[in-house]
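Chain and residue survey
Below are the chains, spelled out letter by letter.
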Protein chains: 6
Amino acid sequence: IDLMDLASDILQPKGDDVARISWYLRDIITRYQETFSVIEKCPKPVIAAVHGGCIGGGVDLITACDIRYCAQDAFFQVKEVDVGLAADVGTLQRLPKVIGNHSLVNELAFTARKMMADEALGSGLVSRVFPDKEVMLDAALALAAEISSKSPVAVQSTKVNLLYSRDHSVAESLNYVASWNMSMLQTQDITKSVQAMTENKELKSVTFSKL
Amino acid sequence: IDLMDLASDILQPKGDDVARISWYLRDIITRYQETFSVIEKCPKPVIAAVHGGCIGGGVDLITACDIRYCAQDAFFQVKEVDVGLAADVGTLQRLPKVIGNHSLVNELAFTARKMMADEALGSGLVSRVFPDKEVMLDAALALAAEISSKSPVAVQSTKVNLLYSRDHSVAESLNYVASWNMSMLQTQDITKSVQAMTENKELKSVTFSKL
Amino acid sequence: IDLMDLASDILQPKGDDVARISWYLRDIITRYQETFSVIEKCPKPVIAAVHGGCIGGGVDLITACDIRYCAQDAFFQVKEVDVGLAADVGTLQRLPKVIGNHSLVNELAFTARKMMADEALGSGLVSRVFPDKEVMLDAALALAAEISSKSPVAVQSTKVNLLYSRDHSVAESLNYVASWNMSMLQTQDITKSVQAMTENKELKSVTFSKL
Amino acid sequence: IDLMDLASDILQPKGDDVARISWYLRDIITRYQETFSVIEKCPKPVIAAVHGGCIGGGVDLITACDIRYCAQDAFFQVKEVDVGLAADVGTLQRLPKVIGNHSLVNELAFTARKMMADEALGSGLVSRVFPDKEVMLDAALALAAEISSKSPVAVQSTKVNLLYSRDHSVAESLNYVASWNMSMLQTQDITKSVQAMTENKELKSVTFSKL
Amino acid sequence: IDLMDLASDILQPKGDDVARISWYLRDIITRYQETFSVIEKCPKPVIAAVHGGCIGGGVDLITACDIRYCAQDAFFQVKEVDVGLAADVGTLQRLPKVIGNHSLVNELAFTARKMMADEALGSGLVSRVFPDKEVMLDAALALAAEISSKSPVAVQSTKVNLLYSRDHSVAESLNYVASWNMSMLQTQDITKSVQAMTENKELKSVTFSKL
Amino acid sequence: IDLMDLASDILQPKGDDVARISWYLRDIITRYQETFSVIEKCPKPVIAAVHGGCIGGGVDLITACDIRYCAQDAFFQVKEVDVGLAADVGTLQRLPKVIGNHSLVNELAFTARKMMADEALGSGLVSRVFPDKEVMLDAALALAAEISSKSPVAVQSTKVNLLYSRDHSVAESLNYVASWNMSMLQTQDITKSVQAMTENKELKSVTFSKL
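Cut-offs and rules
Residues numbered from 1 in each chain as written. Chains lettered and ligands numbered in written order. Predicted model: local features only at pLDDT ≥ 70, side-chain atom pairs only at ≥ 80, totals over all residues. Heavy atoms only, no water. UniProt positions renumbered as here; feature names shortened; annotations may be inferred. Salt bridge = Lys/Arg side-chain N within 4 Å of Asp/Glu carboxyl O. Buried < 20%, exposed > 50% of the residue type's maximum accessible area, 1.4 Å probe, protein only. Axes fitted to C-alpha atoms, helices over the stretch in contact; angles between N-to-C directions. Helix = DSSP H or I, 4+ residues; strand = E, 2+ residues; numbered from the N terminus. Parallel < 35°, antiparallel > 145°, perpendicular 65-115°, else oblique. Left-handed = near helix turned anticlockwise from the far one by under 90°. Contact = heavy atoms within 4.5 Å. Nonpolar A, V, L, I, M, F, W, Y, C, P; charged D, E, K, R; others polar. Phe/Tyr/Trp six-rings, centres within 6.5 Å; stacked < 30°, edge-to-face > 60°. Lys NZ or Arg CZ within 6 Å of the ring centre and 35° of its normal. Least-squares fit on C-alpha atoms with pLDDT ≥ 70 in both. Expected span 1.5 Å × (residues − 1).

Going by the annotation in an unreviewed UniProt entry, the name recorded for chain A is Delta(3,5)-Delta(2,4)-dienoyl-CoA isomerase, mitochondrial, with Rhinopithecus bieti given as the source organism. UniProt, in its Pathway (unreviewed entry) section for chain A, records the words "Lipid metabolism; fatty acid beta-oxidation." Among the UniProt annotations of chain A, the heading Subunit (unreviewed entry) holds the following wording: "Homohexamer."

This is the structure in structure tokens:
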């Protein structure tokens, strides 16, 4: 649907000349990009749980998520090349940072071939594969529940800094987290968490106030 | 051969003092680097098909390629440390971006040990291993044929943007592809590709004009 | 111990108001960061050999090392989220550059779950797993001995440039190594190493002067 | 008013502990920053015409503009240091890129002293000084009229690329403008502009369609 | 001439559709850019001596030079906006790094107005103004003679590092020059230069071998 | 003295071959660089007050300071080129960021000519010139006294962020200051400063606790 919409915008471009059509198309692309980038801007971790086909815009979407799970029947396809364009709303930008095997990234992007669940696991696109959709969803929800039981200051600060590290040198990232944590370390959540740990209690029994 | 040439340039350096010899050597290194970087500058995907030993300059070469296949008898060796130098024409610069396992990259670069085909596959240096050279070449040529059946606007734009993404942050890369695609989306290849897809035809039956 | 110390510094912060406490905490964080970054600044390769639990500060430590080996009983835990904070002395900054599977990195950082030796190998956090501590230590020492038998100019230049490449684009890194090697190629170690290779002798029999 | 508002937000911070108050304040700062950054995101040139005092938030505002004019009675004051804070919504970030005299920038920021119109002209903060407000406004409106008589493709592409150049290396900026202009050069505005020039006509007599 | 050529390339573009014309135009722009960037790649300082009109491509040219002198009759014009395009072969990329007054840079680029010699001196576009062309040429040649009397290792290393500093942070630039100078300091030119200074002799009497 | 020392280190280099001497020299350069960079790392503003000759290492020193004043008899000389080397401990790295006139920076660095006080003021190397040393010192001390009367949280946060902005894009710098100020805004200094302002009292009468 995503790609079809985009195609229709392109097939009926608006503007008096090539420059003006280009300007218009750039606006559209930027707006589409933003719809995926908001996932990164959300400071809470986002888990993608994939079953069946994850194609084109689907790959744009899940590469903007923090953790990827899939069911055994899932497959992944960077489809854009087959509709005549370079993927421009996230896949070519994020996939090479999401998995470490660039020969594979390139192959997928140039051929639009399907990658099945096992290869997705082996290459690190997903961190776990489950026998079917139900088991996967249970696991994803359990994972979400576990993460949400922890200090929101710790969890959200972790997301902000992991994303910062992806795009910066180690020295830059260390400098940034020092300026970030000089305030975040002054949270009651540390006292509460350390106390729970010392008393061998589960974090689920601790109440952290909302962030 | 590569390394032997380089060694001979070094054993008989030209210049009146250390600074002038250094200046001369820098020129040589830069020219050698350029011979590998042209592979990246070529906007068409380049596939490396490796059998037997891929040593020293061979690793410089294949890490500048986009997709790497190998035969079961292939092995890979970052040999430079054994001839007394740090690899300076691509391996130390590209290998850590090509595979995601830095402990392995470091081990290979510090020890010059052979990495066999299976470890190359497991670590992602190659994306497929084949029983022998012939099967591999058939597969590599089939891959090349498949890629070349697709829209050249899509394929070459994909290569340009994948390489850009490797060296930039996600935000920078999204900005770049938006400015790139505002013109590239105005190609007839999209109409042709979408129509072929709609009519369930193979892309091989579509004629894209040369880029 | 590390984390407990840090926690105690935080529980009894020094300073008259939030800004002053923050300033003080930033100093502490920066000093802690530096204790790990010196490993990178040491131009000789550093090998981490892990058995048993490698938790919190342990992960900060080993991600600053160049090569990671572990015993079968090893496990790894990014524990900080469970004590209410974002890891700020190296793990969030280096782990995403050390292994290529970001879904896994995120999962480990958000959940603080244990990663066992096999998953550490599969994901590339370690490059080899050994049956027990003794075998691992023998292998690590043998690796260290082998690396130290090679030209120190070659080995240490390799480390400097691998770390530079991690944090820079390919073009920047090629430029840097050309300026680096224009002097380093003027070492007798190359003549010695090439001669040993030509005569089929082991590098261990060659004497390289200290760097 | 700006600073008073901010101060009141700070004097009555919201949140259960320091970390949560910090999170809340970061949101406020980011929103304030955005109110100035939209000026840069507007692709049309923005002209600041200053008379009387331009203080604190005023300096944040004008440094986000493209061209600065002022009347003889204007003065400029980076006031934040006097209310106990580092300027965080643009001045410290943009002023050093707007004028080339860093000793002066630092002096202004550390002392909060007034800079009068002549020094503003000499240092390049403004590009012209006018005897009074009316003359200045006439000149600013004339400037706006002149710019708006030109091709919007040319003018707005110029702004986008000037801002890109401010924040990137020359090589990066050349690469970017090449990808930008490969579409923008396909505008009818060039034909129209060249023709007007050839025929010695004013651009005001040419009609460019809206962008 | 430059701009007219470019215009003619644009008025008769080659390619079957917008994407292909764009690809072709990008090639042209990149080639034009390269004709100016070679001035920077030349390690010897390049002096621009301007009299009369320096318009469009002329500004692209002189901003790629290292030192700019002009005669009293010189004027400078960023003319591109008047022919309907954003300057894409150097002016928008280098001018903001060449002079520190961004309000003025923007005004010049948006209006295409002439800047006379005195304003060019005041803003720092040129470092000296001379009464006429002859006096200027004498001064420029004297400057060239003086620079060429000095150690070529010192002069050319200075150019390389000044350009590096323009495009990098101070920390990056310090790191780079340290790796650069570790060989360049091993030049006989230092001994020769220091000796000449000690003996109070002119550098012109010292013979430095060619670089 | 500085340069003479350096020269003597170079004239009697330590190490068995060129590579080892280079390694040794790099260590020396880095240590020298650090002696100037500590001025930047000091979070308190540093004022340079120059009379008489400021030559070679003197320019390295003052460009690392925040504010530069000079007496009428001061002159400035980037002397390194005359002793056969490229300035490598700060001048070539910081001077182009300290003043906005790059033609002048290049001329000074290539010719080693003296720049007198008036040209230093006109180009922005110094922000004020005084008739003699005594008047200048009085003014520098008055400036220091005035700055030290203000909130140390405001002053030192300003220095940290001005230096950050020098080396980063505007977007990066805005992000950084938001993370910095989310804690620093929680200082009592704001309440104290605002109150003093409201009551029309001098900041000198306010007591800020030490940072």
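1. Notes on the pattern of salt bridges
Under the criterion given, the structure shown has 78 salt bridges over all chains. In this structure, Asp17(E) engages Arg20(E) in a salt bridge whose closest nitrogen and oxygen atoms are separated by 3.1 Å. Owing to a relative accessible area of 6%, Asp17(E) belongs among the buried residues under this scheme. In this structure, Lys150(F) and Glu146(F) form a salt bridge, with 3.8 Å as the shortest nitrogen-oxygen distance. For Lys150(F), a relative accessible area of 6% translates into the label buried. Using a relative accessible area of 28% as the deciding quantity, one classes Glu146(F) as partly exposed. One network of salt bridges, in which partners are shared, links Glu40(A), Arg94(A), Arg166(A) and Asp167(A).

2. Let's talk about the packing of helix α8 (residues 152-167) of chain A against helix α2 (residues 18-41) of chain D
It is the contact of α8(A) with α2(D), at a shortest axis distance of 11 Å, that shows an interaxial angle of 45°. Relative to α2(D), the element α8(A) lies oblique. Handedness of the α8(A)/α2(D) crossing: left-handed. The residues of α2(D) that touch α8(A), namely those facing Pro152(A), Val153(A), Gln156(A), Ser157(A) and Val160(A), are Ala19(D), Arg20(D) and Trp23(D). Looking at the contact of α8(A) with α2(D) residue by residue, the classes come out as five nonpolar, two polar and one charged.

3. Some remarks on the packing of aromatic side chains
For any pair of aromatic rings, geometry is given as the distance between the ring centres together with the angle between the planes. Enumeration according to the criterion identifies 27 aromatic pairs over all chains in this entry. The interplanar angle of 5° and the centroid separation of 4.0 Å between the aromatic rings of Tyr164(B) and Tyr176(B) together place this pair among those described as stacked. Within this pair, whereas Tyr164(B) is found in helix α8 (residues 152-166), its partner Tyr176(B) is found in helix α9 (residues 170-184), the two being separated by twelve residues in sequence. Note on Tyr176(B): relative accessible area 2%, which makes it buried. Pairwise contacts between aromatic rings join Trp23(A), Tyr164(B), Tyr176(B), Trp180(B), Tyr164(D), Tyr176(D), Trp180(D) and Trp23(E) into one cluster. Positioned above the aromatic ring of Phe75(A) is the side chain of Lys114(A), whose terminal nitrogen or guanidinium carbon lies 4.5 Å from the ring centre.

4. Quick word on unusual backbone geometry
With a phi close to 65°, Asn200(B) is a non-glycine residue in the positive phi region. Residue position: Asn200(B) is located in the segment after α10 (188-198).

5. Digging into the relation of the copies chain D and chain E
For the pair chain D and chain E, the best superposition has an RMSD of 0.0 Å and corresponds to a rotation of 120° with a translation of 0.0 Å parallel to the axis. Between the two chains, the operation in question is that of a three-fold axis. Taking C-alpha positions as reference, the residue of chain D nearest the rotation axis is Gly100(D), located at 2.2 Å. The residues that chain D uses at the interface reappear at the interface of chain E in only 6% of cases, marking distinct surfaces.

6. Things to note about helix α9 (residues 170-184) of chain C
Relative to the 21 Å expected for 15 residues at 1.5 Å per residue, α9(C) spans 20 Å between its end C-alpha atoms, a close match to the ideal helical length. With twelve of 15 residues buried, α9(C) lies mostly within the body of the structure. Here α9(C) has its buried residues at Val170(C), Ser173(C), Leu174(C), Tyr176(C), Val177(C), Ala178(C), Ser179(C), Trp180(C), Asn181(C), Met182(C), Ser183(C) and Met184(C). Against α2 (18-41), α4 (91-98) and α8 of chain B, α8 (152-167) of chain C, α9 (170-184) of chain E together with α2 (18-41) of chain F lie the buried residues of α9(C).

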